[in-house]
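These are the residues of each chain, in order.
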Amino acid sequence: MDLGLLYSGGKDSTLAALLLADFYDVTLVTAHFGITDDWKNARDTAEATGFDFEAVELDHDAAVTAVERMVEDGYPRNGIQHVHLHALETVAAMGFDAIADGTRRDDRVPTVSRAQAQSLEDRHDIDYIVPLSGFGRGAVDRLVAATLDVESGPSDEIRKADYEAELRTLLAREHGAETIDEVFPAHEQTYVTGFTERR
């Protein structure tokens, strides 16, 4: 069965791919808006970890809506949530038997409710799988440390291919660079460069 995994190049989505690989033919799918070329970071990680890869361009209006919500709210949660649901819809329409993402049990954003998941499955006749939904941060970190080489650090310094880089760029373009720090709290991100030698 073919599965499209919404992929950022970070530790969570990479670990999700590894957990699913025994059961599905996994393709890592990075969704982007064409605002930057950060999606290529995910392509590089897919190559380093041996997974098939596709990039898919999202509707630019979804990015505009997300940025406006972020500015209005003063924080990124609702904007990120909007983009994640749009990305899942887009990947669900790509013809896979199943789709997945790397959200964990303790994630505050993005999240997919049971009703949203069932609606996605019913409308697209697919399975929506969340392989890390039972894993807390500590469990993920221990599995990742034993398996993957990872760069980590402040979000604005780490290579990444998630929505945030493009949304930051659009936010600065539309509302000024100072708005980025007003909307996005400081946080750590990860980028997978390959497997550890002890794997």
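I will try to describe carefully the structure that is included in this document. Because the structure is predicted, anything quoted here is derived from the model rather than measured. (Residues numbered from 1 in each chain as written. Predicted model: local features only at pLDDT ≥ 70, side-chain atom pairs only at ≥ 80, totals over all residues. Heavy atoms only, no water.)

1. Some thoughts on the environment of A16
Turning to step 1, where the next piece is worked out: Along the chain, A16 falls in helix α1 (residues 11-20).
Turning to step 2, where the next piece is worked out: Here the alpha-carbon distance between A16 and T65, two residues 49 residues apart in the chain, equals 29 Å. (Helix = DSSP H or I, 4+ residues; strand = E, 2+ residues; numbered from the N terminus.)

2. A closer look at the packing of aromatic side chains
Turning to step 1, where the next piece is worked out: Scanning all chains against the criterion turns up 1 aromatic pair.
Turning to step 2, where the next piece is worked out: Considering the side-chain rings of W39 and F53, the 6.4 Å spacing of their centres and the 5° angle between planes classify their relative orientation as stacked. Of this pair, W39 sits in helix α2 (residues 39-49) while F53 is found in strand β3 (residues 52-57), placing the two residues 14 residues apart along the sequence.
Turning to step 3, where the next piece is worked out: In this structure F53 comes out as partly exposed when scored by relative accessible area, which is 22%.
Turning to step 4, where the next piece is worked out: The positively charged end of R168 is found above the aromatic ring belonging to F184, 4.8 Å away from the centroid. (Phe/Tyr/Trp six-rings, centres within 6.5 Å; stacked < 30°, edge-to-face > 60°. Buried < 20%, exposed > 50% of the residue type's maximum accessible area, 1.4 Å probe, protein only. Lys NZ or Arg CZ within 6 Å of the ring centre and 35° of its normal.)

3. Some remarks on the pairing of strand β2 (residues 25-32)
Turning to step 1, where the next piece is worked out: Most of β2 is tucked away, with 7 of its 8 residues classed as buried.
Turning to step 2, where the next piece is worked out: In the sheet, strand β1 (residues 2-6) pairs with β2 via 5 bridges, with the strands oriented parallel. Of the residues in β2, the one forming a bridge with L5 is L28.
Turning to step 3, where the next piece is worked out: The pairing of β2 with β3 spans 6 bridges and is parallel. For H32, the partnering residue across the bridge sits in β3 and is E57.
Turning to step 4, where the next piece is worked out: Taking the sense of rotation as the criterion, the β-α-β connection linking β2, α2 and β3 turns out right-handed. (Pairing = 2+ DSSP bridges. Right-handed = clockwise from strand over helix to strand, strands pointing away.)

4. A closer look at the sheet that holds β1
Within a beta sheet, neighbouring strands are joined by backbone hydrogen bonds and run either parallel or antiparallel to one another.
Turning to step 1, where the next piece is worked out: Strand order in the open sheet made by the 5 strands is β3-β2-β1-β4-β5, with parallel pairing throughout. Two strands bound the open sheet, and with one partner strand each, they are β3 and β5 (127-129). Taking each pair of neighbouring strands and ignoring which way they run, the sheet shows an average axis angle of 30°.
Turning to step 2, where the next piece is worked out: Running over the sheet, helix α4 (residues 77-92) touches β1, β2, β3, β4 (98-100) and β5 and is turned about 160° from β1. (Axes fitted to C-alpha atoms, helices over the stretch in contact; angles between N-to-C directions. Contact = heavy atoms within 4.5 Å.)

5. Concerning helix α6 (residues 137-147)
Turning to step 1, where the next piece is worked out: Those residues of α6 that sit buried are V140, V144 and T147. Down the axis of α6, the smallest arc covering the buried residues is 70°, so these residues share one side.
Turning to step 2, where the next piece is worked out: Summarising the contacts, the buried residues of α6 are in contact with α1, β6 (148-154) and β7 (188-195). (Arc of directions from axis to C-beta.)

6. Topic: the pairing of β1
Turning to step 1, where the next piece is worked out: Extensive coverage of β1 is indicated by the burial of 4 of its 5 residues.
Turning to step 2, where the next piece is worked out: Handedness of the β1-α1-β2 crossover: right-handed.
Turning to step 3, where the next piece is worked out: Alignment of β1 against β4, held across 3 bridges, turns out to be parallel. Bridge pairing in β4 links L5 to A100.

These figures capture arrangement, not role.
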